[in-house]
Amino acid sequence: MKLLMIDDDTGLCELLSEYLTAQGYTVECVHDGEQGLKKALEHEYALILLDVMLPKLDGFEVLKQLRQKKLTPVIMLTAKGEDFDRIFGLELGADDYIPKPFNHRELLARVKAITRRIEHIASLGNTSSNKLTVNNIIINLAAREAYVDNNELSLTGTEYEVLALLVKNAGEVVSKEQISEEVLGRRLASFDRSIDMHVSNIRKKIAEYNSSERIKTMRGTGYVFIRGE
Amino acid sequence: MSLSAESKNTGLAWLKHPKDFLFFKIFVWFWLTVIGTITALVFLSNIATNQVSTEELRGPMKKNLEYTAKSIERSAIKHKKTAAEILNHPRLAKRKLLYLNSDQAENSLTSRLPADDVDLNILNFTKTMSPQVIFTETYQAFGPVKVNLPEGTFYLYEIDESHPAPFLIRLKLMPIWLKTTIALLASLTLSFIFSRNLIAPINHLKQAAIKLSKGDLTARANINENRRDELGILGRDFNSMASQIEQLVTAQKRLLADISHELRSPLTRLKMATGLAQMQASDANQTYLERIEKEANQLDKMIADVLQVSRLEAKSQTLSLHKQSMQVIINHVLNDAQFEAKQCNKTLQVEGELNLDIYCDESLIASALENVLRNAIKYAEHTITIKLALTETINIEINDDGPGVEPANLTRLCEPFFRQSDARDRTSGGTGLGLAIAKNAITAHAGNLTLHNQKQSGLSVKIVLPIKKQQ
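These remarks concern the structure in this document.

Criteria and thresholds
- Residues numbered from 1 in each chain as written.
- Chains lettered and ligands numbered in written order.
- Predicted model: local features only at pLDDT ≥ 70, side-chain atom pairs only at ≥ 80, totals over all residues.
- Pairing = 2+ DSSP bridges.
- Helix = DSSP H or I, 4+ residues; strand = E, 2+ residues; numbered from the N terminus.
- Axes fitted to C-alpha atoms, helices over the stretch in contact; angles between N-to-C directions.
- Contact = placed C-beta atoms within 7 Å.
- Parallel < 35°, antiparallel > 145°, perpendicular 65-115°, else oblique.
- Left-handed = near helix turned anticlockwise from the far one by under 90°.
- Nonpolar A, V, L, I, M, F, W, Y, C, P; charged D, E, K, R; others polar.
- Expected span 1.5 Å × (residues − 1).

Bringing the sheet that holds strand S1 (residues 2–6) of chain A into the picture now. All names here are of chain A. In spatial order, the strands read S2-S1-S3-S4-S5; together these 5 strands make up an open sheet with parallel pairing. Strands with a single pairing partner mark the edges of an open sheet, and in this sheet they are strand S2 (26–30) and strand S5 (96–100). For this sheet, the mean inter-axis angle between neighbouring strands, taken without regard to orientation, is 20°. With 4 bridges connecting them, S1 and strand S3 (residues 47–51) associate as parallel partners. Looking at S3, one finds that methionine 5 is bridged to leucine 49. Each of S1, S3 and strand S4 (74–79) touches helix H3 (residues 59–67); the most contacted strand, S3, lies at about 145° to it.

This paragraph deals with the packing of helix H2 (residues 33–42) of chain A against H3(A). Residues and elements named next belong to chain A. At a minimum axis distance of 10 Å, the contact between H2 and H3 shows a crossing angle of 25°. What the angle tells us is that H2 and H3 run roughly parallel. Remark: the crossing between H2 and H3 carries right-handed chirality. Note on element contacts: H3 touches H2 through Gly59, Glu61, Val62, Gln65 and Leu66, opposite Gly33, Gly36, Leu37, Ala40 and Leu41.

On to the sheet that holds strand S12 (residues 222–225) of chain A, then. Residue and element names in this part refer to chain A. Pairing is antiparallel across the open sheet formed by 3 strands, whose spatial order is S10-S12-S11. Looking at the sheet topology across the chains shown, the edges are occupied by strand S10 (173–175) and strand S11 (215–218). Strand-to-strand, the axes of this sheet are offset by a mean angle of 30°, without reference to chain direction. Bridge analysis of S11 against S12 gives 4 bridges, and the strand direction is antiparallel. Each bridged residue has a counterpart across the sheet, and for methionine 218 the counterpart in S12 is glycine 222. Contacts between helix H6 (residues 157–168) and the sheet are confined to S10, S11 and S12, with S12 contributing the most and set at about 65° to the helix.

This next bit is on the interface of chain A and chain B. How big an interface is tends to be expressed through the accessible area that disappears when the partners come together. The partner chain B presents 22 residues to the 21 residues of chain A that form the contact. Elements that contribute at least two residues to the side of chain A that touches chain B include exactly helix H1 (10–22) and helix H4 (83–91) of chain A. Its residues assigned to classes, the side of chain A that touches chain B comprises 10 nonpolar, 6 polar and 5 charged.

To continue, consider helix H10 (residues 283–313) of chain B. Note on helix geometry: an α-helix contains 3.6 residues per turn, so any two residues three or four positions apart are oriented the same way. Residues and elements named next belong to chain B. Taking 1.5 Å per residue, 31 residues should reach 45 Å; H10 reaches 45 Å between its end C-alpha atoms and fits that length. Looking at the packing, one finds that the buried side of H10 touches helix H9 (230–280) and helix H13 (434–444). Just downstream of H10, lysine 315 is the residue with a positive phi angle, here 55°.

Everything listed here is a matter of coordinates, which is why it stays silent on function.
What follows is the structure in structure tokens.
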């Protein structure tokens, strides 16, 4: 599985690619934003590890321009404590973030959580046209696509997973902890707002086609996808 | 600054630029006040008992009057006219009002009827005097000049009704209460301006000094740039001193933040390399690698704490405010603390609750409480008490039954890396930044964190937070 790492810390890139290679991934490294964006657009990667502080084009700009064309999963490497970076990254459509300096096990867990879905599709192949329909929303589990009133939603991998999880459990409250563990492959840190950010992105994208509010917030607990009118 | 300081030393420089010297100002103002007081006193002592003021009549006016008197006498003798006839003669009557005063009031005559408010009787007391200018409230009179007529002896006065009394005379003629009030007000105003002028810059300096000592490094004395006396110089020197301090402190804090930030990249690589080594190392070496990882994590935590404190201190941290139940935040923190306390064989007691929703940065509030609690658990002997109370503010009190803190160190406890005694070990896992983070996090929410020693023993941390219901 091919990963792209965009980080100007060459030392870290070397160590990380050695580590991930040992885990069975292929890693390509670029050290500035411009080249990174070019590579990300030209080739297909299973995942992009994107640093925020980059020469030429910063991480946010790379993500913004990438998202206009592609939904390749992106994990942002943010500086610890910079909450704004984290939230801004998620808003721009990053799938997850990992604060630097990170622990190698933590990084591997996140990478696995994101890439596992791709393996999942690969294993499914074109076996069945497994579809979920609730109200006006259709989830095509095989193709990993979601439709609102027959319009395809352009969701990132994480957003798709969150929506699919909510629709699968339509009418029931799904806790944020559950969403975090199932979708991001990690325990939800206390007062972590990343799930809220993803849900807010999904709502905005649904609202482009249909204004009725489908996902309800249960404050303090989680979210419900409302069944029926 | 140095230029003006030099000029001060050259002896009598104050004679050249008196305005630049406080000495001169005090001197002049004092002098003015004294003069003002004396004037007021003279003024008060000069109050006439009647409503009339007189001055010796001199010059052409006197001659004129004497000439008029002579011609009246002449007319009476030569033309055998009565005094009334003479006075009513158009040539005389056309001129100013003439008044012939007789010893018998009923015999007194005027050339025409005076205005209603003209009281001629008040001139009686001047009859024995040489010719005078007599000022009254409503008119001026010139006289008396003796006129000997067949009907008897008269005293001639010329009355000028139109001419108002000169300003000074009018002042003199004012009633006593008005004079006293004016004198009082004048001296009051003078003294007020004097003291204000002197005290205002001192007050500005005082306020700036108080603010500065409370830690507001942006505080400056509001001193007029053009003021060149001692106070002006003092004010500007104070301000440049404050700027210097601010610069130094900011530079020091920025250095700390910059170093911490720069340390992160090598630390990330260190962690990564440790991970790689762990994959290949023998069991014997695993323990060392685990130790390296643990120390790297500790370093990581310290750097994160330093950065958090400097961000909070520099107020560059954007609070992400959300509506959150206070009790949810507290319960969350308490869960971890209970566990921690149990491991140390200490008990955690909670009194009261805080069932309300406020807008706050929940992770910051939680980290503040966490840090205070962790500190309390560390130093408590047996029990830690948490009191929650809701008044117009949110009040949280966390007490331990440990040894407490030396009173002199109470305020320093919230400084980064301050430790009470060198004997305290660093193995307990603290970074020395816990209370600094807590204090700054609470301050960022416009609240207040204070430390006290309890009567019995142990430290008491009081947190007061305003209730913020709107974003």
